[in-house]
Amino acid sequence: MATSVIEICNNALLDLGEDAIMSLGDVSKAAGLCNHRWPAVRDAVLRAHPWNCAMAQAELAAGAAPPLWKWAYRYVLPTDFLRIIAVTGADGEEVEDWEIQSGVILCDEEAPLLIAYVRRETDPKKYDALLSEALSARLAATLAYPLSGSTSLAQACWKTYQEKLAEARGVDAREGVPEPVAPTTWLGAKLGG
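The structure contained in this document is the topic of the report that follows.

**Comments concerning the overall build of the protein chain**
So, step 1. Within the protein chain, the regular secondary structure consists of five helices and six strands.
So, step 2. Reading the protein chain from its N terminus to its C terminus gives the helix and strand order α-α-β-β-β-β-β-β-α-α-α.
So, step 3. Principal-axis analysis of the C-alpha atoms gives the protein chain an extent of 60 × 35 × 30 Å.
So, step 4. Put simply, the protein chain has 193 residues, and 40% of those count as buried.
So, step 5. Of all intrachain contacts in the protein chain linking residues separated by at least 6 positions in sequence, the fraction that spans at least 24 positions is 71%.

Here it is as structure tokens:
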């Protein structure tokens, strides 16, 4: 399990035959590329699966202004939101008709709206060892061509990433299914949810 972003970046760089870096602010091409690409790589891998370490739940209040058309309510998503896993009404029933537009969920369900979602987990200490490996592999695949100029290396790294991602997803999925969102309010309990 990685203990820092630098460790994940260095694992990727070492897989590419590059020298390790001391920080993302180092004056080197590798450090600059890691610094630039890390946030997008992290978010893409976290969004690819409902990782146990990145799951969260939230109770959303309806926005003051309703959507212009089609839907009755709008709910602003949390700032660390990456992917919806489940949407549930206050009655505990799954909401099936909804859509996301520009950081809000639009639906016809009255408040509160309960969601289970994948959040942007920025602390590598919370990542499973296999997730850390998948992150390093995707970063290596992303950096392979800019650092080496080799499309064959980039393709090989992408294949390695896909294999590591599949392994990490499989293990993570066997460690538990994300819990369904359950009402935690007094009204939800009263309604039997």
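Moving on, there is more to tell.
**Re the pattern of salt bridges**
So, step 1. A full pass over the atoms with the stated rule returns six salt bridges.
So, step 2. Two residues, R120 and D43, come together in a salt bridge whose shortest N-O distance is 3.0 Å. Note that R120 is positioned in the loop between β6 (113-119) and α3 (129-148) and D43 in helix α2 (residues 29-47), a separation of 77 residues in sequence.
So, step 3. Its relative accessible area of 17% is what places D43 among the buried residues.

**Considering the packing of aromatic side chains**
So, step 1. Taken as a whole and assessed by the stated rule, the structure comprises three aromatic pairs.
So, step 2. Where F81 meets Y117, the ring centres are 6.1 Å apart and the plane angle is 35°; that geometry is what we call tilted. Here the residue F81 occupies a position in strand β3 (residues 81-89), and Y117 occupies one in strand β6, the gap between them amounting to 36 residues. Taken as a pair, F81 and Y117 share a single burial class, namely buried.

**With respect to α3**
So, step 1. The end-to-end C-alpha distance of α3 is 27 Å, a good match for the 28 Å that 20 residues give at a rise of 1.5 Å each.
So, step 2. Roughly 35° is the biggest bend found in α3, and it falls at T142, with proline P146 one to four residues downstream.
So, step 3. With a side-chain oxygen positioned 2.7 Å from the backbone nitrogen of L130, the residue opening α3 is D128.
So, step 4. G149, located one to two residues past α3, shows a positive phi value of around 75°.

**Notes on unusual backbone geometry**
So, step 1. With an omega of -5°, the peptide bond running from A111 to P112 counts as cis.
So, step 2. Within the secondary structure, P112 is located in the loop between β5 (104-107) and β6.
So, step 3. In the Ramachandran plot, K70 falls in the positive-phi region, its phi being about 70° despite a non-glycine side chain.
So, step 4. Here K70 lies in the loop between β1 (55-60) and β2 (73-76).
So, step 5. Residue S102 is not a glycine yet carries a positive backbone phi of 50°.
So, step 6. Tracing the backbone shows S102 in the loop between β4 (98-101) and β5.

**Overview of the side chain of S136**
So, step 1. In this fold, S136 is placed in helix α3.
So, step 2. Apart from residues no more than four positions distant in its own chain, S136 is found in contact with I8, N11 and A12.

**Remarks on the layout of surface pockets**
So, step 1. One number sums up the size of the largest pocket: a volume of about 150 Å³.
So, step 2. Lining the largest pocket are P67, L68, W69, K70, W71, R74, E99, Q101, V104 and L106.
So, step 3. Put simply, the parts of the chain that give the lining of the largest pocket at least two residues each are β4 and β5.
So, step 4. Each residue belonging to the lining of the largest pocket can be placed in one class, and the counts come to six nonpolar, one polar and three charged.

Rules used in this analysis
- Residues numbered from 1 in each chain as written.
- Predicted model: local features only at pLDDT ≥ 70, side-chain atom pairs only at ≥ 80, totals over all residues.
- Heavy atoms only, no water.
- Helix = DSSP H or I, 4+ residues; strand = E, 2+ residues; numbered from the N terminus.
- Buried < 20%, exposed > 50% of the residue type's maximum accessible area, 1.4 Å probe, protein only.
- Contact = heavy atoms within 4.5 Å.
- Salt bridge = Lys/Arg side-chain N within 4 Å of Asp/Glu carboxyl O.
- Phe/Tyr/Trp six-rings, centres within 6.5 Å; stacked < 30°, edge-to-face > 60°.
- Expected span 1.5 Å × (residues − 1).
- Bend = angle between axes of the 7 residues up to and from the residue.
- Polar contact = N/O pair within 3.5 Å; in protein donor to acceptor, adjacent residues only side chain to side chain.
- 1 Å grid on protein atoms, 1.4 Å probe; cavity = no way out; pocket = protein on both sides within 12 Å on 5 of 7 lines; lining within 4 Å.
- Points joined across faces, edges and corners; volume = space filled by probe spheres on them.
- Nonpolar A, V, L, I, M, F, W, Y, C, P; charged D, E, K, R; others polar.

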